[in-house]
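Residue-level listing of the chains:
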Amino acid sequence: MTSYGLLVSPSHNRVYAQAAAGLVKAELAVFGEQALGGRVRDIEETSIGGVPYVTFSADGLDGTDIRLLSNLSSLYALFEIEGELLRPVELKPLDLFGSDLLTIQKYSGKTNEYFTKLLLNVTAMATDSPMDLVTGRPRLFDPMCGRGTTLNQAMMYGLDAAGMDVDGKDFDAYAAFIKTWLKNNRVKHQAEIAPVRREKAVLGRRLHVTLGASKERYKSGETMEITVVNADALGAGKFFRPGSFDLIVTDAPYGVQHGSRAKGARPGQKAGPRLSRSPVELLDAAVPEWARLLRRGGAIGISWNTFVGRREELAEILTSSGLEVQDSGAYLGFRHRVDQAISRDLIVARKS
């Protein structure tokens, strides 16, 4: 049995920094339970030299296991603990690009990029092939992608990703950002925006980006695709085929700076359903549509504000859509405070 110490990444967000050790502790428990055969044990928050660590013990971690652990959301460094000595473990994260892809965008309401990574990770662990995160290439969909933090994390991992958002300003902002970022970083790519039409009617706009992690990969055809549709995610099935995604990952409206609209509503409409402060109405209408886009064995992960929606309500919505909610102790350790109006949690379910 080998003992390890995980050095927690410093965070510029003071509140998130206070929660980071507890969150990565729960994330590590999910990794151990879902992908590492229960070999990760004795997970604890520990101070070493006055610095916060998460310590754990594990049997027989091989190169692929370390590669998986290298992607823990708040992992800064990993050490084997030998008495009073720390022996560095070489990390091999999936990251293909610089961290500025995730950090350069600054705007009100942006989801913390560490938490976005955590949500993607624990959702991937709930699939029928959790190690595909490092040995395969799962395809991701964010039906409420905003300005693309989840899409950028997927791109960082080398995954194909798609997103939707009804807000035209967010769509334009993301399109401008990603095209500028790719150009400034000299990433070989093609990007175009075009209307989506069905029977002569315009249903929305689509941004489609094809890129390569290097010039050599791009030339050889080893590319990634990022697709964003500016339309209501309640109609996601009009734009994507059933069973076309392995992962659905999204951050539901918190009901603070903005609310959520139930079925049939659109921003700017004078008539129709009123704006709701709860994500429950929106998810009740949308999850059945999203579930059809998920392949069997795939997983969906949703984060939300517990002050405006109860876990039991979201679990019922997911279950009624044929999804199996992950309710082990490991998946129940993610609730944390964001500010006075937001207590954030996540819920994950698999399509059986």
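What counts as what
- Residues numbered from 1 in each chain as written.
- Predicted model: local features only at pLDDT ≥ 70, side-chain atom pairs only at ≥ 80, totals over all residues.
- Heavy atoms only, no water.
- Buried < 20%, exposed > 50% of the residue type's maximum accessible area, 1.4 Å probe, protein only.
- Helix = DSSP H or I, 4+ residues; strand = E, 2+ residues; numbered from the N terminus.
- Arc of directions from axis to C-beta.
- 1 Å grid on protein atoms, 1.4 Å probe; cavity = no way out; pocket = protein on both sides within 12 Å on 5 of 7 lines; lining within 4 Å.
- Points joined across faces, edges and corners; volume = space filled by probe spheres on them.
- Nonpolar A, V, L, I, M, F, W, Y, C, P; charged D, E, K, R; others polar.
- Patch = residues over 30% accessible without salt bridge, like charges linked within 9 Å, V, L, I, M, F, W, Y side chains within 5 Å.
- Areas by Shrake-Rupley, 256 points an atom, 1.4 Å probe, with all protein chains shown as cover.
- Salt bridge = Lys/Arg side-chain N within 4 Å of Asp/Glu carboxyl O.
- Lys, Arg positive; Asp, Glu negative; His and termini not counted.
- Charge placed at Lys NZ, Arg CZ, Asp CG, Glu CD.
- Pairing = 2+ DSSP bridges.
- Expected span 1.5 Å × (residues − 1).
- Bend = angle between axes of the 7 residues up to and from the residue.
- Contact = heavy atoms within 4.5 Å.
- Axes fitted to C-alpha atoms, helices over the stretch in contact; angles between N-to-C directions.
- Phe/Tyr/Trp six-rings, centres within 6.5 Å; stacked < 30°, edge-to-face > 60°.
- Lys NZ or Arg CZ within 6 Å of the ring centre and 35° of its normal.

Colleague: Explain helix H10 (residues 311–320) here, please?
Modeller: Two residues of an α-helix separated by three or four positions point the same way, owing to the 3.6 residues in each turn. For H10, the complete set of buried residues consists of Arg311, Leu314, Ala315, Ile317 and Leu318. Buried positions in H10, seen along its axis, are confined to an arc of 160 degrees and lie on one side of it. The exposed residues of H10 that point more than 90 degrees off its buried face are Glu312, Glu316 and Ser320. Looking one or two residues past H10, Gly322 carries a phi angle of roughly 85 degrees, positive in sign.

Colleague: Looking at this structure, how should I read empty space enclosed by the protein?
Modeller: Over the atoms rolls a probe the size of a water molecule, and its path tells where empty space is left. Overall, the coordinates contain one cavity of 30 Å³ or more when judged by the stated rule. Taken as a whole, the largest cavity spans an internal volume of roughly 40 Å³. The wall of the largest cavity is formed by Ala124, Thr127, Ser129, Asp132, Leu133, Pro138, Asp246, Leu247 and Arg295. When residues of the lining of the largest cavity are traced back to their parent elements, those giving at least two are helix H5 (132–135) and strand E11 (245–251). Tallied by class, residues from the lining of the largest cavity come to four nonpolar, two polar and three charged.

Colleague: Explain a positive patch on the surface here, please?
Modeller: On the surface, Arg186, Lys188, Lys215 and Lys219 cluster together to form a positively charged patch. Take Lys219: it is sitting in helix H8 (residues 215–220).

Colleague: What is the right way to read the pairing of strand E1 (residues 2–8) from this model?
Modeller: Successive residues of a regular strand alternate their side chains across the two faces of the sheet. For E1, the tally of buried residues reaches five of seven residues, placing the bulk of the element in the interior. Bridge analysis of E1 against strand E4 (residues 75–82) gives five bridges, and the strand direction is antiparallel. Of the residues in E4, the one forming a bridge with Tyr4 is Glu80.

Colleague: Help me understand helix H9 (residues 279–293), please; the structure alone is not making it clear to me.
Modeller: Here H9 contains 15 residues, and its C-alpha end-to-end distance of 20 Å stays within 8% of the 21 Å for a straight helix at 1.5 Å per residue. Maximum bend of H9: about 40 degrees, positioned at Ala286, with proline Pro288 one to four residues after it. Within H9, burial applies to Pro279, Val280, Leu282, Leu283, Ala286, Val287, Glu289, Trp290, Ala291 and Leu293. In this structure, the buried residues of H9 make contact with strand E6 (140–142), E11, strand E12 (294–305), H10, strand E13 (323–325) and strand E15 (342–351).

Colleague: Sorry if this is basic, but what is going on with the sheet that holds E4 here?
Modeller: Strand pairing in a sheet relies on backbone hydrogen bonds, with the paired strands running either antiparallel or parallel. Pairing is antiparallel in the open sheet, where five strands are placed in the order E2-E3-E1-E4-E5. Of all the strands in the sheet, the pair left with one neighbour each is strand E2 (40–48) and strand E5 (85–88). Each strand axis lies, on average, 35 degrees off the axis of its neighbour in the sheet, ignoring direction. Across seven bridges, the pairing between E2 and strand E3 (residues 51–58) is antiparallel. Opposite Val40, over in E3, you have Ala58 as the bridge partner. Docked against the sheet, helix H1 (residues 14–34) engages E1, E2 and E3, running at close to 160 degrees with respect to E2.

Colleague: How do you make sense of the packing of aromatic side chains when you look at a structure like this?
Modeller: By convention here, two paired aromatic rings are described through the distance between centres and the angle between planes. Within this structure, the stated rule accounts for eight aromatic pairs. Here the aromatic rings of Tyr4 and Phe56 are separated by 5.1 Å at their centres, their planes lie at 15 degrees, and the arrangement is stacked. With Tyr4 in strand E1 and Phe56 in strand E3, the pair connects residues that are 52 residues apart, well separated along the chain. Just as Tyr4 is buried, Phe56 falls in that class too. Arranged with centres 6.5 Å apart and planes meeting at 40 degrees, the rings of Tyr174 and Phe177 form a pair that is tilted. With Tyr174 and Phe177 both in helix H7 (residues 168–184) and three residues apart, the pair spans about one turn of that helix. We classify Tyr174 as buried; its relative accessible area is 1%. Arg147 extends its terminal NZ or CZ atom over the ring of Tyr107, reaching a point 4.9 Å from the ring centre.

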